[in-house]
Amino acid sequence: MKAMILAAGLGNRMRPLTLYKPKPLLEVGSKSLIVWHIEKLKSIGVTDIVINSAWLADVLIGTLGNGSQFGVNILWTREDEGLETAGGIINALPLLGDEPFILVNGDVWTTFDFADLLKVNLQDDLAHLILVENPTQHPKGDFTLKNGRAYTLDQEVEGENLTFSGISVIHPKMFDGLEQGKRPLAPLLKEAMLKGQISAQKMQTAWVDVGTPERLTALDLQIREGVFA
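Rules used throughout
Residues numbered from 1 in each chain as written. Predicted model: local features only at pLDDT ≥ 70, side-chain atom pairs only at ≥ 80, totals over all residues. Heavy atoms only, no water. Buried < 20%, exposed > 50% of the residue type's maximum accessible area, 1.4 Å probe, protein only. Helix = DSSP H or I, 4+ residues; strand = E, 2+ residues; numbered from the N terminus. Arc of directions from axis to C-beta. Contact = heavy atoms within 4.5 Å. Pairing = 2+ DSSP bridges. Right-handed = clockwise from strand over helix to strand, strands pointing away. Polar contact = N/O pair within 3.5 Å; in protein donor to acceptor, adjacent residues only side chain to side chain.

**Brief notes about helix α5 (residues 186–194)**
Move 1: Residues Leu188, Leu189, Ala192 and Met193 constitute the buried set of α5. Here the buried residues of α5 occupy an arc of 140° about the axis, which is enough to place them on one side.
Move 2: Check the buried side of α5 and you find it contacts α3 (84–96), β8 (127–132), β9 (143–146), β10 (149–152), β11 (160–170) and β12 (198–202).
Move 3: Trailing α5 by a residue or two, Gly196 shows a phi angle of about 70°, which is positive.

**Quick look at unusual backbone geometry**
Move 1: Within the chain, Ser30 stands out as a residue other than glycine whose phi angle is a positive 65°.
Move 2: Along the chain, Ser30 falls in the loop between β2 (27–28) and β3 (31–32).
Move 3: On the accessibility criterion, Ser30 (51% relative accessible area) is exposed.
Move 4: Here the phi dihedral of Gln123 falls at roughly 50°; this positive angle occurs in a residue that is not glycine.
Move 5: On the secondary structure map, Gln123 appears in the loop between α4 (115–118) and β8.
Move 6: Residue Gln123 is classed as exposed on the basis of its relative accessible area, which comes to 63%.

**Here we look at the pairing of strand β5 (residues 73–78)**
Move 1: Examined bridge by bridge, strand β4 (residues 48–53) and β5 share 6 bridges and lie parallel to one another. Residue pairing for β5: Ile49 is matched across the bridge by Ile74.
Move 2: Crossover connection from β4 via helix α2 (residues 57–64) to parallel β5: handedness right-handed.

**A word on the side chain of Thr144**
Move 1: Examined against the element boundaries, Thr144 turns out to sit in strand β9.
Move 2: Of the polar contacts made by the side chain of Thr144, one reaches the side chain of Asn161; its length is 2.6 Å.
Move 3: Those residues in contact with Thr144 that lie beyond four places of it in its chain are Arg149, Ala150, Tyr151, Thr152, Leu153, Val157, Gly159, Glu160 and Asn161.

Geometric values such as these leave the question of function open.
Rendered as structure tokens:
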């Protein structure tokens, strides 16, 4: 199984920290955010990792290289400007192949066991999402979870409204017939939900959307103090 880490964002909310360093290279617990993901993927035997790049791409690629220092094989894509989530994936499909792959946002941190992702069997589904309790900055959530299935909030299903963690298993068929270009992932997920093609589960472990300098500092302190040990 292959994986893709999304790392092309501008990191505007993290400025000035991201003026000279791409957001995925910001550190918590003496380790870059993206390195936490790389090491977790390596630990479950996923060693072919595609990473997209745009903002400060040379810095990101120069730091991580081909992945040999981590025992993995990193393949890179470059985007002249950020193509958003789905656009970045479509651009990377030639490197990802025809089988389902793990997708991870480069700007989240979690203690979630990625081994669970290897157990996902999509069958006729297009994606399996890992959802989390709604953080204070996103109280309404993204999707509704009921009996292992994900629904849009507009479907008004009686379930639990949760937030997408940025961790999932995606089938390349999700992007069949779509041209390259700037395109977000959420509308594609919602379209598939309306057709009953998205499964999901709720994460029971720690997760942080590292979206601001304050959250970065708080997470770094928690890790150093052993809160998640």
